[in-house]
Each structure stands twice: as C-alpha cells, then as structure tokens.
Amino acid sequence: MKMPDLTDAQALTRNRARAMQAPALFLHEDLRDEIKERLTEVNKSFTSIAIVTGFPDFWREAFPTAQIVADDDVLALKPGAFDLVIHVMALHWANDPVGQLIQCRHALQPDGLLLAALLGGQTLHELRACLAEAESAVTGGISPRVLPMAEIRDLGGLLQRAGLALPVADSFIRKVHYRDALHLMQDLRAMGEGNALNDRLRRPTRRGVFTKTAELYAQNYAVTGGRVSATFDLVFLTGWAPHDSQQKPLRPGSAVNRLADALNAAEITVPATKGET
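Criteria and thresholds
- Residues numbered from 1 in each chain as written.
- Predicted model: local features only at pLDDT ≥ 70, side-chain atom pairs only at ≥ 80, totals over all residues.
- Heavy atoms only, no water.
- Helix = DSSP H or I, 4+ residues; strand = E, 2+ residues; numbered from the N terminus.
- Buried < 20%, exposed > 50% of the residue type's maximum accessible area, 1.4 Å probe, protein only.
- Contact = heavy atoms within 4.5 Å.
- Areas by Shrake-Rupley, 256 points an atom, 1.4 Å probe, with all protein chains shown as cover.
- Salt bridge = Lys/Arg side-chain N within 4 Å of Asp/Glu carboxyl O.
- Expected span 1.5 Å × (residues − 1).
- Core = buried A, V, L, I, M, F, W, Y, C linked by side-chain atoms within 4.5 Å.
- Pairing = 2+ DSSP bridges.
- Phe/Tyr/Trp six-rings, centres within 6.5 Å; stacked < 30°, edge-to-face > 60°.
- Polar contact = N/O pair within 3.5 Å; in protein donor to acceptor, adjacent residues only side chain to side chain.

Engineer: Where do I start with the overall build of the chain in this structure?
Structural biologist: Helix and strand content of the chain: nine helices and seven strands. For the chain, the proportion of its 277 residues judged to be buried stands at 44%. Long-range contacts, defined as pairs at least 24 residues apart, comprise 82% of the intrachain contacts of the chain with a sequence gap of at least 6. Put simply, the chain shows about 15600 Å² of open surface, and 52% of that area lies on carbon and sulfur atoms.

In structure tokens, the structure reads:
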C-alpha cells in the first residue's frame, strides 16, 4: 500500500518559481562554497557530474559543466553515467528520500561519489513552536505549516539503505537574525521554502495567528539589537558507489597487533570473577 505523499509537487514548483522573482538564496550560496571546499579535499578528479536540484539556474552557474536534473520522483539520470552526483536542497522535500538516493547510486560509476545537502531536523524549530502555540491559542487547533525534517542520525541510515559504501553524515548550524517572525516568513517564501505540504490548510489563515506568532517569537527568541534568531540545520550525506578498491572493515578478531602495544602501555590481565569462565 502506497503511503500518502508528504509534499504537494505542484505547490513546491509554484513556490520555487515565485522565489526566482526576488530570490534569497544565501543558504544555496553557503552550500555551494561548502561543497566546493569538500570536493577539494577528495583525492579524485570528477569529470562527469550531475546535480539534482529545484534551483537549476543557480547550480548551473556554480558548476557550468554539470548536467542539471530536476528533483522529480523519477530522476532523469542515466545509470552508471556519472562519477559525482550532488543532490542539493531538495531531499528534505522528497516523498521517497531513500528512493532518491537509490536512483543516485544507480547513476554512479563504481567508486563514484554521492554528496547530498539538505535541511535537517533542527531547522526552524523556533518558528515551528511559535506557530503551533499561536494557532492553538487563536483557532483551537493546529494545521501542518513547517515541513517535518529528519534528524541526522536517521538521515545517515538512509545512505546504507541505498547501498552506498563508506557512508558519512554530518551537519552545521546556520543562525540567521531577522527583524521579526514575519520577516523570516517572507524570507522563506523568497527561498522557495514556503509551505508545500499536502495536508496544509487550504484556506487563508486568520491574521491573528501570525500576529500571535510574532509576539511569541519576540518573547522567546530575541537577540541583541531587537531582532530574532532562526536556525537552519544544514546536513551533508556522503557515500560512494561500491568498488573493490575501497577500504573494508576488518573481521572481528582479525587484528594482528595488540592495543597495549599501540598505546605503549602495560597489558593488565583481569582475573575472572565468580561465575565467569
């Protein structure tokens, strides 16, 4: 039985198109710089690159030789055609994130690299809390407003489920200061990260909800200068298409050197206690 889709693809496309009219893509700029820095640390030259993204113009300029691919449910990626696939600022909206990673793995040549960058679970936790409290107080209920994003410990497991070798997941927090919560929400629309949830409220929200949200935000998340702080949790997932040349973990008990020798320490034998053998 197919699970219902989390994301309304048409709404997401519409949000991204509207964002391009006056974009606020500073997170993409951060990720572009971070990805390029990480690639310089990899002892390998990449000659066939694909980038999966909902913001083709920005990433085409960042990587002029790359093939840009839309983050559709079925990715337009030729199997085994690339030595590097970058999936950027789109996986958090995917209805089937594991399926997206599996498709990326199939698109990689042996020993090819997948690098995914997305928003993680701490993103906008302040706004999520204030919206929920405000809507409950004003209307007596809560509707889905902020995308539920996965924690890094769960995201790291997706790499193994997708069959990628040497999986690594890490993240960094980007704190951004805004005039108020309403300014933050305007910026989210300019990023193309507005509400595109399938179960979102389909009628206009009462003005009092946003007024109360701004009040709660100012009370709980104020910073110096009369502004408020918002959290963006940027997660990186790295994995390789399996290849015989890659390092593999040793079998338990196969070590040839003692830990005591490596630490230049005396080895102590602990006598067994009663009942142990």
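On we go from here.
Engineer: Which parts of the structure should I look at to understand the pattern of salt bridges?
Structural biologist: Pairs may arise between side chains of opposite charge once their charged atoms sit close together. Applying the stated criterion across every chain, the model contains twelve salt bridges. Residues Asp8 and Arg200 are paired through a salt bridge, measuring 3.1 Å at the closest nitrogen-oxygen approach. Taken together, the residues span a long stretch of sequence, with Asp8 in the segment before α1 (9–19) and Arg200 in the loop between α7 (181–191) and α8 (207–220) at a distance of 192 residues. Both residues of the pair, Asp8 and Arg200, count as buried. The shortest N-O distance in the salt bridge between Arg32 and Asp33 comes to 3.0 Å. Three or more residues joined by partner-sharing salt bridges are found here, namely Asp8, Arg200 and Arg202.

Engineer: In this structure, what is going on with helix α2 (residues 26–40)? I would like to understand it.
Structural biologist: Along an α-helix, a turn takes 3.6 residues, which lines up residues three or four apart on a common side. Between the first and last C-alpha of α2 there are 22 Å, a value that for 15 residues agrees with the 21 Å anticipated at 1.5 Å per step. Buried residues of α2: Phe26, Leu27, His28, Leu31, Ile35, Arg38 and Leu39, and no others. If you follow the buried residues of α2, they end up packed against α3 (56–62), β3 (82–88), β4 (108–119), β5 (165–178), α7 and β7 (227–240).

Engineer: Would you take a moment to explain the nonpolar core for this structure?
Structural biologist: A general tendency of soluble globular proteins is for nonpolar side chains to be buried together. If you look at the biggest cluster of nonpolar residues, it comprises 55 residues, and the most contacted ones within it are Ile35, Trp59 and Phe232. Setting aside anything within four residues of it in sequence, one finds Trp59 in contact with His28, Leu31, Arg32, Ile35, Ile51, Thr53, Ile68 and Val88. Core analysis: the next-biggest nonpolar cluster, separate from the first, contains 25 residues, Leu75, Phe82, Leu114 and Ala241 among them.

Engineer: Quick question: what am I supposed to make of the environment of Gly141 here?
Structural biologist: By the secondary structure assignment, Gly141 is in the loop between α5 (125–139) and α6 (152–161). What Gly141 contacts, discounting residues up to four positions off in sequence, is Glu135 and Ser136.

Engineer: Can you walk me through the environment of Ala81 in this structure?
Structural biologist: Considering the arrangement of structural elements, one finds Ala81 in the loop between β2 (67–69) and β3. You can call Ala81 partly exposed: its relative accessible area is 22%. In sequence terms Ala81 and Gly112 are 31 residues apart; their C-alpha atoms lie 9.7 Å from each other. If near-sequence neighbours (up to four positions away) are discounted, Ala81 is found in contact with Ser48, Ala107 and Gln109.

Engineer: Just to check I follow, could you spell out the pairing of β7 for this structure?
Structural biologist: The two faces of a sheet get side chains in turn, since along a regular strand they alternate between them. With 13 of its 14 residues buried, β7 lies for the most part within the structure. As defined by bridge partners, β4 adjoins β7 across seven bridges and the pair is classed as antiparallel. Bridged to Ala117 within β7 is Phe236. As defined by bridge partners, β5 adjoins β7 across twelve bridges and the pair is classed as antiparallel. Its bridge partner being in β7, Tyr178 is matched across the sheet by Val228. Pairing between strand β6 (residues 222–223) and β7: two bridges, direction antiparallel. By the bridge assignment, Ala222 is partnered in β7 with Val228. Hairpin connection between β6 and β7: a loop of three residues separates the two successive antiparallel strands, and Gly225 in this loop has a positive phi of roughly 85 degrees.

Engineer: Teacher, can you tell me more about the packing of aromatic side chains here?
Structural biologist: In this description, an aromatic ring pair is defined by two values, namely the gap between the centres and the angle between the planes. For the structure shown, the criterion picks out five aromatic pairs. A centroid spacing of 6.0 Å and a plane angle of 25 degrees characterise the contact between Phe172 and Phe236, whose relative ring orientation is stacked. One end of the pair, Phe172, is in strand β5; the other, Phe236, is in strand β7, with 64 residues separating them in the sequence. Assessed through its relative accessible area of 27%, Phe172 is described here as partly exposed.

Engineer: Explanation requested: the side chain of Glu135 in the structure shown.
Structural biologist: Relative to the assigned elements, Glu135 resides in helix α5. A residue is classified by how much of its surface remains accessible, and Glu135, at 5% relative accessible area, is buried. Here the side chain of Glu135 touches Arg145 through a polar contact of 3.0 Å, side chain to side chain. Those residues in contact with Glu135 that sit more than four places away from it in its chain are Gly140, Gly141, Ile142, Ser143, Arg145 and Val209.

In short, geometric facts, not functional conclusions.
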